[in-house]
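# Topology and contacts: notes
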Amino acid sequence: LPELPLYQTARSLNISAGELAKDPNAPRFKGHDDFEKLTRSSWVALTMAARRQTQAQAEASVDSAIQRGALVPAEARFATPKAKRSEIRILGIEKAGRGAVTPVASKESVASMLASSDLNAGQCDAVALVLTARDRFVGIQGLAGTGKSYMLSKAVAGMKAETCRLSGKHGYRVIGLAPYASQNQALASLGMESQTLASFLARTSQQRTLDRHSIVFLDEAGVVPAHQLEKLMSIVEKQDARLILSGDRKQTHAVEAGKPFEQLQDAGMTKAFLTEIKRQKNEAIRAAVVHAANDEVPRAVAVLHNTIVEVRQDAHRHARLAQAYVQLPEVERSETLIVAGTNDARRAINALVREGLSLPNGQPVEVLNNVDMTRAELQSAQSYDAGQIVVPQRSYSRELVQGEQLTVVSHDITRNTLTVEREGGQRVTFDPARSSMLRLYEKETVDLAPGDWVRVTANDRALGVCNGERCQVGAVELGHVILHRSARGSSAKEDIRIDRRRPMHLQHGYASTIHSAQGLTRNRVLVDANTKSLTSNRAVFYVAISRPKNDITLFTDDASKLAAAMSREPKKFAALELRDGLNEAAVLRQKVERAARALLARNVRAPSSATSPTPSFLKTSSMLPSRVAAAR
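Just so you know, these numbers come straight off a predicted model, no measurement behind them.

## Focus on the environment of V543
With respect to the secondary-structure elements, V543 resides in helix α20 (residues 538–545). A C-alpha to C-alpha distance of 8.0 Å links V543 and A517, two positions 26 residues apart in sequence. Not counting residues up to four positions away in its chain, the partners in contact with V543 are Q251, T252, I514 and Q518.

Next up, the structure:
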């Protein structure tokens, strides 16, 4: 579904010399204010209304402006009908759930429980909302480091203790879900059943266990794509359960399509706000996080100026960052997070850290690197290249088995089919649109040595490992890699044996991308802040600086451009935001009303005129629309 063809004034796209000096990539992030855009017919209607021209005169003015470049085509955007239906259904399910459930506890019992609590006012309000809400779906919008997890622990305690004591026959069951395993483990530590969202959505037997006394907590809801949230909300509604969505719309959004957590908040979902930051013990970092959360990135950078290290060349900067990590005592390295803006930077820094640690007895092993693709791309055969590895996420037949690594041999675009080779050598041809739960990977050879830190990159129920888990290599044997990890709920170590005869779902675990780091907390954070990278933006900066408790160092290629680069607003649109006839009418109405108010204001200031003077923004030998935006 393409949106309506839109035009905006060239003036609205202008970049000053000063802005370009601060950020050469500024034009890529400029000009997506939707209020600046109208269709040709709407520009004609606005010109007729504001200049009192005939339709023919207005059409001539607008066409002339388009021909001269005073009005320029806006960036084309597209959505699928399925994406649009999904977003409409999400909003509809939430609205239908308002007033549909009974409160978990009375306001009086919650007030009694919170009377001696150490929670701050915002956290108390959030706990009270969770326990007393009559809506099936409730949101908690909390800035990074405001203690959302701690607040959840109190809410869980309230359900398991106070509420169950008052209404023991109910026995409320609490289930925690999170997009990534690293976040999932934090929920489990709060005393609730916990698993990844993807695993829950794949297990219908678990979904059927939900009932009206089930309360589902979804952590990091801001990174959940629309198709997953639609499915989860449908399940919750069907099972008469309730869902608490906790997250931060200011942080990075889902990699896949949609930003449903933000849409639900804007549509009026009942929500509580957490704004008092608790994580940062360092006052300067805390102040910077507050500034970043309020879109005041230059002020945040100014507060952190003593933590900025400028190294112009990428390779030298990565080496400097890796050296800073290696020089830390081992006990401090375990509480240090390295954040990189891109996978290329992550790999380069990981290699330099390993070189600095001089780990002995390394051996080459094959690993799988995820290829990021949308669901639509995964369903199209032309997206696949020979040699890539396809892994079904569920079993479709005897030939397409969950977890098996299938090597792409060829694709047929006309029939939309893939031919793959199974691990036993058998070739299979299938349509990826009919078997859509697939993951695509590329093989890479890396060195692993005893003492290496690695990150698991896929769930494996047989091994008992989760995507995002960080483990230490104990040994690299002929047929297996032995990983050490802390046993859950214990300080003891346990071993995991991974078959190295097939490519493994592992990567070096010293540096992480920003999406992998979201939801984590460490004592110290080292950030690769590359101003030339198009991944650098406000959300990425906010997530990165809000990870540490006590210490942060920003390694950048250009300190003078850091604030401008990190002030870029990331482009993320929902399908319902794309301009259709209904949205166009609403924008046009607002612009006409503003133009009318501006004209009225000028007339009021000049009452003696026999004829209303033409406002300055209409006085132009060219045309009106190139000036209308300036009258806002």
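Still to come is the rest of the account.
## Some points on the sheet that holds strand β13 (residues 389–392)
With antiparallel pairing, the six strands of this open sheet are ordered in space as β12-β17-β13-β14-β15-β16. Single-partner strands in this sheet number two, and they are β12 (363–370) and β16 (427–430). Averaged over neighbouring strand pairs, the angle between their axes works out to 40 degrees when direction is ignored. One ladder, built from four bridges, connects strand β15 (residues 417–421) with β16; its direction is antiparallel. Among the inter-strand pairings, V420 is bridged to a residue of β16, identified as V428.

## Focus: unusual backbone geometry
Glycine aside, residues mostly have negative phi angles, and peptide bonds mostly take the trans form. Unusually for a residue other than glycine, D240 sits at a positive phi of about 60 degrees. Note that D240 resides in the loop between α11 (226–238) and β8 (242–247). On the basis of relative accessible area, D240 is assigned to the partly exposed category, the value being 32%. At D295, a residue that is not glycine, the phi angle is positive and equals roughly 65 degrees. Position of D295 relative to the elements: it lies in the loop between α13 (283–293) and α14 (297–303).

## Focus on helix α6 (residues 121–132)
A turn of α-helix holds 3.6 residues, and therefore any two residues three or four places apart point the same way. The end-to-end C-alpha distance of α6, which contains 12 residues, comes to 16 Å, matching closely the 16 Å that a straight helix rising 1.5 Å per residue would cover. Buried residues of α6: Q123, C124, A126, V127, L129, V130, L131 and T132, and no others.

## Description of the nonpolar core
Counting 32 residues, the largest nonpolar core has L304, F541, I545, I552 and L554 as its most contacted members. Those elements that place two or more of their residues in this core are α13, α14, β11 (336–340), α19 (514–517), β24 (522–529), α20, β25 (548–556) and α21 (559–566). Here the element with the most residues in this core is α20; it accounts for six residues. One finds I93, V224, L232 and M233 within the second-largest nonpolar core, a separate group that totals 25 residues.

## With respect to the pairing of strand β20 (residues 480–486)
Put simply, side chains in a regular strand alternate between the two faces of the sheet. Summarising the sheet, strand β19 (residues 470–476) and β20 pair through four bridges and their orientation is antiparallel. Directly across from V473, in β20, lies its bridge partner L483. In this structure, the hairpin formed by β19 and β20 is closed by a connection of three residues. Pairing of β20 with strand β21 (residues 493–499) involves seven bridges; the strand directions are antiparallel.

## Points about the packing of aromatic side chains
For the structure on display, the rule yields one aromatic pair. Ring centres 6.1 Å apart and planes at 70 degrees place the aromatic pair Y325 and Y510 in the edge-to-face group. Taken together, the residues span a long stretch of sequence, with Y325 in helix α15 (residues 314–326) and Y510 in the loop between β22 (506–508) and β23 (511–513) at a distance of 185 residues. Sitting over the face of the ring of F573, R77 holds its NZ or CZ atom 4.2 Å from the ring centroid.

## Side note on the confidence of the model for the protein
Across the protein, pLDDT averages 84, with 86% of residues at or above 70. Confidence drops under a pLDDT of 50 for residues 161–168, and excluding neighbours within four residues, the segment shows 13 contacts in the predicted structure. Scored below 50 in pLDDT, residues 608–632 shows 48 contacts in the model against residues more than four places distant or in partner chains.

## Quick look at the sheet that holds strand β7 (residues 214–218)
With respect to topology, six strands assemble into an open sheet ordered β6-β5-β7-β8-β4-β9, the strand pairing being parallel. Edge positions in the sheet fall to β6 (193–196) and β9 (271–274), since each has one partner strand and no second. Across this sheet, the average inter-strand angle for adjacent strands is 20 degrees, counted without regard to direction. With five bridges joining them, strand β5 (residues 173–178) and β7 adopt parallel strand pairing. Across the sheet, residue V174 finds its bridge partner in β7, namely I215. Sheet strands touched by α6: β4 (137–142), β7, β8 and β9. Its angle to β9, the strand with the most contacts, is close to 160 degrees.

## Some remarks on the side chain of R524
Position of R524 relative to the elements: it lies in strand β24. What makes R524 buried here is its relative accessible area of 16%. Contacts of R524, omitting those with residues within four sequence positions, involve L328, E332, E335, T336, L337, P548 and D551.

## With respect to the packing of α13 against α20
Packed helix pairs are specified by the crossing angle of their axes together with the interaxial distance, meaning the distance between the axes. At a minimum axis separation of 9 Å, α13 and α20 run at an interaxial angle of 155 degrees. As judged from the angle between their axes, α13 and α20 are roughly antiparallel. At the point where α13 passes α20, the crossing takes the left-handed sense. Taken together, the residues of α20 that come into contact with α13 (itself represented by I285, A288, V289, A292 and A293) are F541, Y542 and I545. When grouped by side-chain class, the residues that make up the contact of α13 with α20 number eight nonpolar, no polar and no charged.

## Notes on the packing of helix α5 (residues 107–114) against α6
Look at α5 against α6: their axes get within 10 Å of each other, and the N-to-C directions meet at 145 degrees. At the point where α5 passes α6, the crossing takes the right-handed sense. Side by side, α5 and α6 meet where K107, V110, M113 and L114 of the first sit next to C124, V127, A128, L131 and T132 of the second. Its residues assigned to classes, the contact of α5 with α6 shows seven nonpolar, one polar and one charged.

## A closer look at the pattern of salt bridges
Note on pairing: side chains with opposite charge can pair once their charged atoms come close. The full count for this structure, using the stated rule, is 34 salt bridges. Note that E262 and K259 form a salt bridge whose closest N and O atoms lie 3.6 Å from each other. What makes K259 buried here is its relative accessible area of 7%. Counted as one network, the salt bridges with shared partners bring together R249, K259, E262, D266 and E577.

## Quick notes on empty space enclosed by the protein
Scanning all chains against the criterion turns up two cavities of 30 Å³ or more. Every residue lining the largest cavity is counted, 16 residues in all, and those nearest its centre are V527, D528, A529, V540 and M566. Of all the elements in the fold, those that place two or more residues in the lining of the largest cavity are β11, β24 and α20. No other element matches α20, which puts four residues into the lining of the largest cavity. By residue class, the composition of the lining of the largest cavity is 11 nonpolar, four polar and one charged.

## A few points about the side chain of S536
Structurally, S536 is set in the loop between β24 and α20. Note on S536: relative accessible area 5%, which makes it buried. Only 2.6 Å separates the side chain of S536 from the backbone oxygen of N530, close enough to count as a polar contact. In this structure, S536 is in contact with N530, A565, M566 and R568, ignoring residues within four places of it in sequence.

Reading the values: the criteria
Position numbers for residues count from 1 along each chain, tracking the sequence in the order it is written. Selection of residues for local features in this predicted model requires a pLDDT of at least 70, selection of side-chain atom pairs for listing and counting requires 80 or more, and totals for whole chains, interfaces and linings are taken over all residues. Hydrogens are left out, water is left out, and the side-chain values use all remaining heavy atoms of the structure. Numbered from the N terminus, helices here are DSSP runs of H or I no shorter than four residues, and strands are runs of E no shorter than two. Two residues form a contact once any of their heavy atoms are found within 4.5 Å. Paired strands, in this sense, are two strands between which DSSP finds at least two bridges. Structural elements are reduced to axes, namely lines fitted to C-alpha atoms, with helices fitted over the stretch in contact, and the angle between N-to-C directions of any two is expressed from 0 to 180 degrees. Per-residue accessibility, obtained with a 1.4 Å probe over protein chains only, is compared with the maximum for each type, and a residue is labelled buried under 20%, exposed over 50%, and partly exposed between these values. In a helix, the anticipated span is given by 1.5 Å times the number of residues less one. We call a set of buried residues a nonpolar core when its members are Ala, Val, Leu, Ile, Met, Phe, Trp, Tyr or Cys and they connect through side-chain atoms within 4.5 Å of each other. Geometry of aromatic contacts follows a simple scheme: Phe, Tyr and Trp rings, the Trp one being its six-membered ring, pair when their centres are within 6.5 Å, and the pair is stacked under 30 degrees between planes, edge-to-face over 60, tilted otherwise. Counted as over-ring charges are cases with an Arg CZ or a Lys NZ within 6 Å of the ring centre that also lie within 35 degrees of the ring normal. Known as pLDDT, the predictor's confidence for each residue is given on a scale from 0 to 100. Throughout, the term roughly parallel applies to angles under 35 degrees, roughly antiparallel to angles over 145, roughly perpendicular to angles from 65 to 115, and oblique to all others. Each crossing gets its handedness from the near helix: less than a right angle anticlockwise from the far helix is left-handed, clockwise is right-handed. Residue polarity is assigned by list, with Asp, Glu, Lys and Arg as charged and Ala, Val, Leu, Ile, Met, Phe, Trp, Tyr, Cys and Pro as nonpolar; anything else, Gly included, falls into the polar class. Here a salt bridge means any side-chain nitrogen of Lys or Arg lying within 4 Å of a carboxyl oxygen belonging to Asp or Glu. Of the grid points, spaced at 1 Å and generated over the protein atoms alone, those admitting a 1.4 Å probe that cannot get out make up cavities, while open sets with protein on both sides within 12 Å along at least five of seven lines make up pockets; any residue with an atom within 4 Å of a point is treated as lining. Grid points are joined across faces, edges and corners, and a volume is the space filled by probe spheres set on the points. Pairs of N or O atoms are called polar contacts if they sit within 3.5 Å, as long as, within protein, a hydrogen donor faces a hydrogen acceptor (for residues adjacent in sequence, only side-chain-to-side-chain pairs).

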